Amino acid sequence: MSEKRTKYIFVTGGVVSALGKGIASSSLGLLLKKRGLKVNMIKCDPYINVDPGTMNPFQHGEVFVLDDGSETDLDLGHYERFLDQNMSRENNVTTGQIYNTVITRERRGDYLGATVQVIPHITEEIKACLRKPALSNPDTDVIIVEIGGTVGDIESQPFLEAIRQMALESEPEDTLFIHLTLVPYIGTAGELKTKPTQHSVKALREIGIQPKILLCRTAKDLSESIRKKIGLFCNVASKYVFPAIDVETIYEVPLRFHQDGLDDAVCKHLGLELGEPDLSDWENLVSRFKNPNQRVKIAICGKYVNLKDAYKSIIEAFIHAGIENDARVDLIWVSSEDIKQYGADKFLSDIDGLLIPGGFGERGVEGKIEAIRYVREKNIPFFGICLGMQCAVIEFARNICGLEDAHSYEFYADTKKPVIHLMADQEGITNLGGTMRLGAYPAVLDEDSKSYAAYKTNGISERHRHRYEFNNTYREMYADTSLKLIGMSPDGRLVEIIEVVDHPWFVGVQFHPELKSRPTKAHPLFREFITAAVAYTVKKNGSEVTSVSDELEPAGHTREQY
Ligand code: GLN
């Protein structure tokens, strides 16, 4: 009996960045999984950072933390959400990691005096990383490898060379190259233009890669003649030139791809004969997203309000929670510095809920604390995530417990009242790479709580990414107040969830629930936060539910590039 061979699909991108390779790759992954295949995904990032953990979210978007504590690219979030499958550190390969391994080996003398070069040493290490998930899980049918960057970039060349070699070393039906490209519509000429695609495929062919399938990002559908033209100039059969047309929600992309026959074409190339995928759960969630029967307005108050990618998973989690509540969630982004300057009432008077997301650094903290005071006093639902929980603890200490100078050690190291501090074993750490509490940790919930009602279990596991913690010295102080410590680490040392119990819905969590929300299974706390926001708006407007009209776009990725 011949051994099972894992097949590889390599997805490259051309013309411009941000075409949505991550969404396209994840959508294909979902379709193949729904056809019964065991699918895994790898993101190759051509930057020299070992991981994105130390990168500025302004430049790079959110850092997606996995159960195993690895800090990864935000595309891993799409992989987990579309495939409903947890990823691990093997699923994100960076140039930094590759060079780190090769240089360590060289210093150890493992290369026995050889000159260490990009070809073959770097490319061999890339190939080893791409093969690793297949070796750890030999029953994997297909691995989709997404190459970050754009064809023609200097940085991504070793990755492209490595995948060229992998195809050469494999049976023809065991690898497939898919190229995602842009076919822009030039309004003044009234035409779709194919030239950028021709050039980008030419660049790929020059390095020995001939894509078999083209996915063309386009605002207008591709006519038969355009597909023929692209096919002819790019040496691709025109039936394998697929449109990747702009859609209303990213969760519609797999449905469109399937309608267009993309998964059929992929299976044909890989010599796989499989039945039709059952996409009914995805059809259902897209239809619920498009037909909400109520609407809530949630404010997100953070530092990076102009860069939505920094809060990618939170936006997605709201979409999932909206779908489960049949509600459209309108997100408004409020700068915490503006709140500090102009007051909370100016920005928050008509909201149905406030979320304070995670964050680092002192900037804007006072505005967040002010926003929390406002919603606590006005009984508006509140959800604090990580830094958001820490700010809620500070706000309560200052305004209810009378500890006027309560602070976090992170923002004011000289504070006499550090209600948020560093744990003793973390003090003295100066190296910022990988020194945080990272990854999945268990927590035990008090059964008399909103969180327990949401999770319906008292044992949970959630992902963390922070340095500072609730200071246990102040437990006594909170004991007689309405701020309750309702989620703790199993050894009782670390506070994981707080709730203010004389409020309709006021929950703060030290972890990042957004990282575990899935389109087919909204995170319980996001779901219940939106339920509370709906209840709040219903109460505010009498029994009437806010009508849904079209003057505002719903929250999230409407019209967003995928
Ligand atoms: N800056 C805070 C800490 O390090 C919160 C981190 C976060 O919100 N992810 O503890």
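For the structure itself, consult the block above.
Q: If you had to explain the overall build of the protein chain to someone new, which residues and values would you point to?
A: When its secondary structure is counted, the protein chain shows 19 helices and 23 strands. The C-alpha radius of gyration of the protein chain comes to 25 Å, within 12% of the 24 Å expected for a compact globule of 562 residues. The principal-axis extent of the C-alpha atoms belonging to the protein chain is close to 70 × 65 × 50 Å. Looking at the 562 residues of the protein chain, the share that counts as buried comes to 56%. Sequence separation of 24 or more characterises 74% of the internal contacts of the protein chain that already satisfy a separation of 6 or more. Of note, the protein chain has its 65 positive side-chain charges centred 4 Å away from the centre of its 80 negative side-chain charges.

Q: Any chance you could break down the pairing of strand S23 (residues 506–509) for me, citing the residues and the numbers?
A: Residues Phe506 and Gly508 of S23 are buried on one face, and the alternating residues Val507 and Val509, pointing to the opposite face, are buried as well. With four bridges joining them, strand S15 (residues 382–385) and S23 adopt parallel strand pairing. When the sheet's bridge partners are listed, Ile385 is paired in S23 with Val509. Across three bridges, the pairing between strand S22 (residues 495–500) and S23 is antiparallel. The residue of S23 that forms the bridge with Ile497 is Val509.

Q: Any details on the packing of helix H12 (residues 312–324) against helix H19 (residues 524–540)? Residues and values, ideally.
A: Packing of H12 against H19 leaves a shortest axis separation of 8 Å and a crossing angle of 60°. Considering their axes alone, H12 and H19 lie oblique with respect to each other. In the crossing of H12 with H19, the sense of the turn from one axis to the other is right-handed. Taken together, the residues of H19 that come into contact with H12 (itself represented by Ile314, Ala317, Phe318, Ala321 and Glu324) are Phe526, Arg527, Phe529 and Ile530. Of the residues in the contact of H12 with H19, the class split is seven nonpolar, no polar and two charged.

Q: Tell me about helix H8 (residues 224–234), and name the residues and values.
A: What H8 keeps buried is the set Ile226, Arg227, Ile230, Gly231 and Cys234. Within H8, the buried residues cover an arc of 130° as seen down the axis, which keeps them to one side. Structural note: H8 exposes Ser225, Lys228 and Leu232 on the side pointing more than 90 degrees away from its buried face. Buried positions along H8 lie against strand S9 (191–192), helix H7 (195–206), strand S10 (213–218) and strand S11 (241–245).

Q: Quick rundown of the nonpolar core? Include the residues and the values.
A: Residues Ile9, Leu32, Val266, Phe318, Phe383 and Ile530 are the most contacted members of the largest nonpolar core, which totals 98 residues. Counting 41 residues, the second-largest nonpolar core is a separate cluster that includes Ile339, Val365, Cys391 and Leu422.

Q: Let's hear about the packing of aromatic side chains: which residues, and what values?
A: Following the criterion strictly, the structure yields 16 aromatic pairs and no others. Between Phe82 and Tyr251, the ring centres sit 5.4 Å apart and the planes meet at 40°, which makes this aromatic pair tilted. Taken as a pair, Phe82 in helix H3 (residues 75–83) and Tyr251 in the loop between S11 and helix H9 (253–260) lie far apart in primary sequence, 169 residues in all. Here Phe82 and Tyr251 have matching classes, each one buried. Here a set of aromatic residues connected by ring pairs shows up, and it is made of Phe318, Phe383, Trp505, Phe526 and Phe529. Over the face of the ring belonging to Tyr342 we find Lys346, whose NZ or CZ atom lies 5.9 Å from the ring centre.

Q: Can you break down the site of the ligand residue by residue, with the values?
A: Every residue near the ligand is listed here: Gly358, Gly359, Phe360, Cys386, Leu387, Gln390, Glu410, Arg465, His466, Arg467, Tyr468 and His512. Side-chain polar atom of Glu410 to a nitrogen atom of the ligand: 2.7 Å apart, as the coordinates give it. In the model, a nitrogen atom of the ligand is placed 2.8 Å from a nitrogen or oxygen of the Arg465 main chain. For the ligand, whose unbound accessible area comes to 290 Å², protein coverage reaches 99%. Among the secondary structure elements, those contributing two or more residues to the shell around the ligand are helix H16 (387–399) and strand S19 (459–466). Split by residue class, the shell around the ligand holds four nonpolar, five polar and three charged.

Q: Can you tell me about the pattern of salt bridges, naming the residues and giving the values?
A: In total, this model carries 41 salt bridges according to the counting rule given. For the salt bridge of Lys290 with Glu252, the shortest nitrogen-to-oxygen distance reads 2.9 Å. Highlighted residues: Lys290 in helix H11 (residues 280–290) and Glu252 in the loop between S11 and H9, separated in sequence by 38 residues. When its relative accessible area of 12% is taken as the criterion, Glu252 is described as buried. With a closest N to O distance of 3.2 Å, Arg363 and Glu337 form a salt bridge. Of this pair, Arg363 sits in the loop between strand S14 (353–356) and helix H15 (365–377) while Glu337 sits in helix H13 (residues 336–342), and the two are 26 residues apart along the sequence. Each member of the salt-bridge network shares a partner with another, and the members are Asp67, Glu80, Asp84, Arg463, Arg518 and Lys521.

Q: Pulling in residues and values, what's your account of the sheet that holds strand S7 (residues 175–182)?
A: Here we have seven strands laid out as an open sheet, ordered S5-S2-S6-S1-S7-S10-S11, and parallel in their pairing. Either end of the sheet is taken by a strand with one partner, and the two such strands are strand S5 (92–94) and S11. This sheet shows a mean twist of 20° between the axes of neighbouring strands, independent of strand direction. Sheet contacts for helix H4 (residues 95–108): strand S2 (39–45) and S5; angle to S5, the most-contacted strand, approximately 65°. Sheet contacts for helix H5 (residues 118–136): strand S1 (7–13), S2, S5 and strand S6 (142–147); angle to S2, the most-contacted strand, approximately 160°.

Parameters at a glance
- Residues numbered from 1 in each chain as written.
- Predicted model: local features only at pLDDT ≥ 70, side-chain atom pairs only at ≥ 80, totals over all residues.
- Heavy atoms only, no water.
- Helix = DSSP H or I, 4+ residues; strand = E, 2+ residues; numbered from the N terminus.
- Rg over C-alpha atoms; globule rule 2.2 N^0.38 Å.
- Buried < 20%, exposed > 50% of the residue type's maximum accessible area, 1.4 Å probe, protein only.
- Contact = heavy atoms within 4.5 Å.
- Lys, Arg positive; Asp, Glu negative; His and termini not counted.
- Charge placed at Lys NZ, Arg CZ, Asp CG, Glu CD.
- Pairing = 2+ DSSP bridges.
- Axes fitted to C-alpha atoms, helices over the stretch in contact; angles between N-to-C directions.
- Parallel < 35°, antiparallel > 145°, perpendicular 65-115°, else oblique.
- Left-handed = near helix turned anticlockwise from the far one by under 90°.
- Nonpolar A, V, L, I, M, F, W, Y, C, P; charged D, E, K, R; others polar.
- Arc of directions from axis to C-beta.
- Core = buried A, V, L, I, M, F, W, Y, C linked by side-chain atoms within 4.5 Å.
- Phe/Tyr/Trp six-rings, centres within 6.5 Å; stacked < 30°, edge-to-face > 60°.
- Lys NZ or Arg CZ within 6 Å of the ring centre and 35° of its normal.
- Near = heavy atom within 4 Å.
- Polar contact = N/O pair within 3.5 Å; in protein donor to acceptor, adjacent residues only side chain to side chain.
- Areas by Shrake-Rupley, 256 points an atom, 1.4 Å probe, with all protein chains shown as cover.
- Salt bridge = Lys/Arg side-chain N within 4 Å of Asp/Glu carboxyl O.

That is the geometry; function is a separate question.
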